[in-house]
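Fold and geometry: a report
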2 protein chains.
Amino acid sequence: MITLYTAPGTCALASQIALEDAGAVYKTIAVDFKTGQQRSPEYLKINPKGRVPAMIVERGILTETPALLAYIAQTYPTAALAPLHDPFAFARVQEFNQYLCTNLHIAHAHRMRGHRWADDEATIEGMRRAVPRTVGECWETIENDLFVGPWAMGADYTICDPYLFTLAQWMEADGIDPARFPAIADHRKRMMERRSVRAALGLI
Amino acid sequence: MITLYTAPGTCALASQIALEDAGAVYKTIAVDFKTGQQRSPEYLKINPKGRVPAMIVERGILTETPALLAYIAQTYPTAALAPLHDPFAFARVQEFNQYLCTNLHIAHAHRMRGHRWADDEATIEGMRRAVPRTVGECWETIENDLFVGPWAMGADYTICDPYLFTLAQWMEADGIDPARFPAIADHRKRMMERRSVRAALGLI
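Criteria and thresholds
- Residues numbered from 1 in each chain as written.
- Chains lettered and ligands numbered in written order.
- Predicted model: local features only at pLDDT ≥ 70, side-chain atom pairs only at ≥ 80, totals over all residues.
- Heavy atoms only, no water.
- Axes fitted to C-alpha atoms, helices over the stretch in contact; angles between N-to-C directions.
- Helix = DSSP H or I, 4+ residues; strand = E, 2+ residues; numbered from the N terminus.
- Parallel < 35°, antiparallel > 145°, perpendicular 65-115°, else oblique.
- Left-handed = near helix turned anticlockwise from the far one by under 90°.
- Contact = heavy atoms within 4.5 Å.
- Nonpolar A, V, L, I, M, F, W, Y, C, P; charged D, E, K, R; others polar.
- 1 Å grid on protein atoms, 1.4 Å probe; cavity = no way out; pocket = protein on both sides within 12 Å on 5 of 7 lines; lining within 4 Å.
- Points joined across faces, edges and corners; volume = space filled by probe spheres on them.
- Domains from an automatic or database assignment.
- Buried area = accessible area lost by both parts, 1.4 Å probe.
- Salt bridge = Lys/Arg side-chain N within 4 Å of Asp/Glu carboxyl O.
- Polar contact = N/O pair within 3.5 Å; in protein donor to acceptor, adjacent residues only side chain to side chain.
- Pairing = 2+ DSSP bridges.
- Expected span 1.5 Å × (residues − 1).
- Buried < 20%, exposed > 50% of the residue type's maximum accessible area, 1.4 Å probe, protein only.
- Least-squares fit on C-alpha atoms with pLDDT ≥ 70 in both.
- Core = buried A, V, L, I, M, F, W, Y, C linked by side-chain atoms within 4.5 Å.

1. A few points about the packing of helix α4 (residues 87-112) of chain A against helix α6 (residues 160-168) of chain A
All names here are of chain A. Where α4 contacts α6, the two axes come as close as 10 Å, and the packing angle between them is 15 degrees. Taken together, α4 and α6 sit at an angle that is classed as roughly parallel. Here the hand of the crossing between α4 and α6 comes out left-handed. Of the residues in α6, those touching α4 at Val93, Phe96, Asn97, Leu100, Cys101, Leu104 and His105 are Cys160, Tyr163, Leu164 and Leu167. In terms of residue class, the contact of α4 with α6 is built from nine nonpolar, two polar and no charged.

What follows is the structure, given as structure tokens:
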């Protein structure tokens, strides 16, 4: 039994959707960010980095979304969530997820988690002001250069899709008009129709 | 023949060391950051993100260091640069590299690339001031929680080691005293003795 530590509105949703896609037997444990539970001594024993997701599997604890997604794809090969036997195609999948993680998620994090990169309120506020521009530029790169369609990597649904969908949920709060990015908006709509997404969101 | 686009002092070094470790036949092309060549129309055709590394292989172009490192490990399996047939151990490798990319490299980038996350000089300067603290915290996590030893992931040298070594080269410029992190300092020293590292650095 897999245990996924998660919190509403976080990127942990991507791994949960992938677990649903994989048909995995798992449970979730919600970490309460409102009370700072991610910084409690108990949770830091699970993930010293004080973040979600963390995933407990038979052999230990794993963290970092791109690593979890690749692990889920490799551990449930019959779900065909990644081109496991084609290193070039697998690298393209990883490259896409890496961009989401290191560019889009990071730009987004400057709105709410500025204290990670600054010590004074004026700098934190300065970062916050730039978020609509910086996050918007990431979405331009994704829409124009990285997204293939109909799924993120082309004809086949992969572990890129739940991750893309998860981060697209943050657009409105980041001050981005979803209408600017029609391919991503259409992807979100089609993702919302999938059983795995609806299950991970608690809608069914 | 693989072509690796690189620039001195960048994280592209990690992929070059891994190519040396793999015994790959490759050439490098230096992108001149001083003249902004990474933003030239010619280079943006290779990597629309305007960064290094980019790697041209037979089937196309790949970017993003963690993706390149996994690709190199998978494409040269006899070099044994990652536990390719053990999804859990492979996920641990990817988790480590993910931390370097999304936390350490990003914290570091706030010293020289603050314009990515801010629009005004005061905010950019505020980010720069925090770098010794934020990069130092990343190194504390690596030294205390993530680094196993003698190599990053334990007994076996993996694709984590060239990446760790590459980012450790930035310590001094980021205002970090290497003596604070003896395990990392020892790792740097042992990496410098490797033929692959010396070849990638142009020392032999």
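2. A word on the layout of surface pockets
The space that makes up the second largest pocket amounts to roughly 1300 Å³. Considering the residues around the second largest pocket, the lining is formed by 46 residues, among which Phe33, Gly50, Arg51, Arg113 and Arg116 of chain B are closest to the centre. Within the residue set of the lining of the second largest pocket, elements represented by two or more residues are α4 and α5 (121-146) of chain A together with α3 (65-75) and α4 (87-112) of chain B. Counting residues per element, the lining of the second largest pocket draws most heavily on α4 of chain B, at seven residues.

3. Regarding the domain arrangement of chain A
All names here are of chain A. Looking at chain A, the domain boundaries give domain 1 (2-79) and domain 2 (87-194). Here domain 1 and domain 2 have C-alpha centroids that lie 19 Å from each other. Each partner contributes residues to the interface: domain 1 has 16 residues there, and domain 2 has 16 residues. Here domain 1 and domain 2 share an interface that buries about 1200 Å² over both sides, 70% of which is from carbon and sulfur atoms. Per-residue buried area on domain 1 facing domain 2 is highest for Cys11, Pro66 and Leu69; these three make up 33% of the total on that side. Linking domain 1 to domain 2 there are one salt bridge. Between Arg194 and Asp21 there is a salt bridge, and its shortest N-O distance comes to 3.3 Å. Across the contact surface, domain 1 and domain 2 share four residue pairs in polar contact (both at pLDDT 80 or more). Mapped onto the side of domain 1 that touches domain 2, the elements with two or more residues apiece are α1 (12-22) and α3 (65-75). No other element matches α3, which puts six residues into the side of domain 1 that touches domain 2. Residues that form the side of domain 1 that touches domain 2 fall into these classes: ten nonpolar, four polar and two charged.

4. With respect to the sheet that holds strand β2 (residues 26-30) of chain B
Residues and elements named next belong to chain B. One open sheet holds the four strands; their spatial order is β2-β1-β3-β4, and the pairing between them is mixed. Only two strands of the sheet have a single partner each, and these edge strands are β2 and β4 (60-63). Mean inter-strand twist for the sheet, computed between neighbouring axes without regard to direction, equals 20 degrees. As defined by bridge partners, strand β1 (residues 2-6) adjoins β2 across five bridges and the pair is classed as parallel. Within the sheet, the bridge partner assigned to Thr6 lies in β2 and is Ala30. Each of β1, β2 and β3 (54-57) touches helix α1 (residues 12-22); the most contacted strand, β1, lies at about 150 degrees to it.

5. Details of α4 of chain B
A rise of 1.5 Å per residue sets the reference length of α4 of chain B, with its 26 residues, at 38 Å; its end C-alpha atoms lie 36 Å apart and thus fit the reference within 8%. A large share of α4 of chain B lies buried, amounting to 22 of its 26 residues.

6. A few points about the relation of the copies chain A and chain B
It takes a turn of 180 degrees to lay chain A on chain B, together with a shift of 0.0 Å along the axis; the resulting RMSD is 0.0 Å. In symmetry terms, the pair is related by a two-fold rotation axis. Interface residue correspondence from chain A to chain B reaches 100%, placing this contact among same-surface, isologous pairings.

7. Things to note about the environment of Ile29 of chain B
Residues and elements named next belong to chain B. In this fold, Ile29 is placed in strand β2. Note on Ile29: relative accessible area 31%, which makes it partly exposed. Along the chain, Ile29 and Thr6 lie 23 residues apart, while their C-alpha atoms are 6.1 Å from each other. Sequence-distant contacts of Ile29, defined by excluding residues within four places in its chain, comprise Thr3, Leu4, Tyr5 and Thr6.

8. Remarks on the nonpolar core
Of all hydrophobic cores here, the largest spans 114 residues; its most connected members are Trp139 and Ile142 of chain A together with Trp139 and Ile142 of chain B. Every residue in contact with Trp139 of chain B, bar those within four places of it in the chain, is listed here: Leu104, Leu164, Leu167, Ala168, Met171, Phe181 and Ile184 of chain B. Grouped together as the second largest cluster of nonpolar side chains are twelve residues, Ile106, Ala118 and Ile124 of chain A together with Met127 of chain B included.

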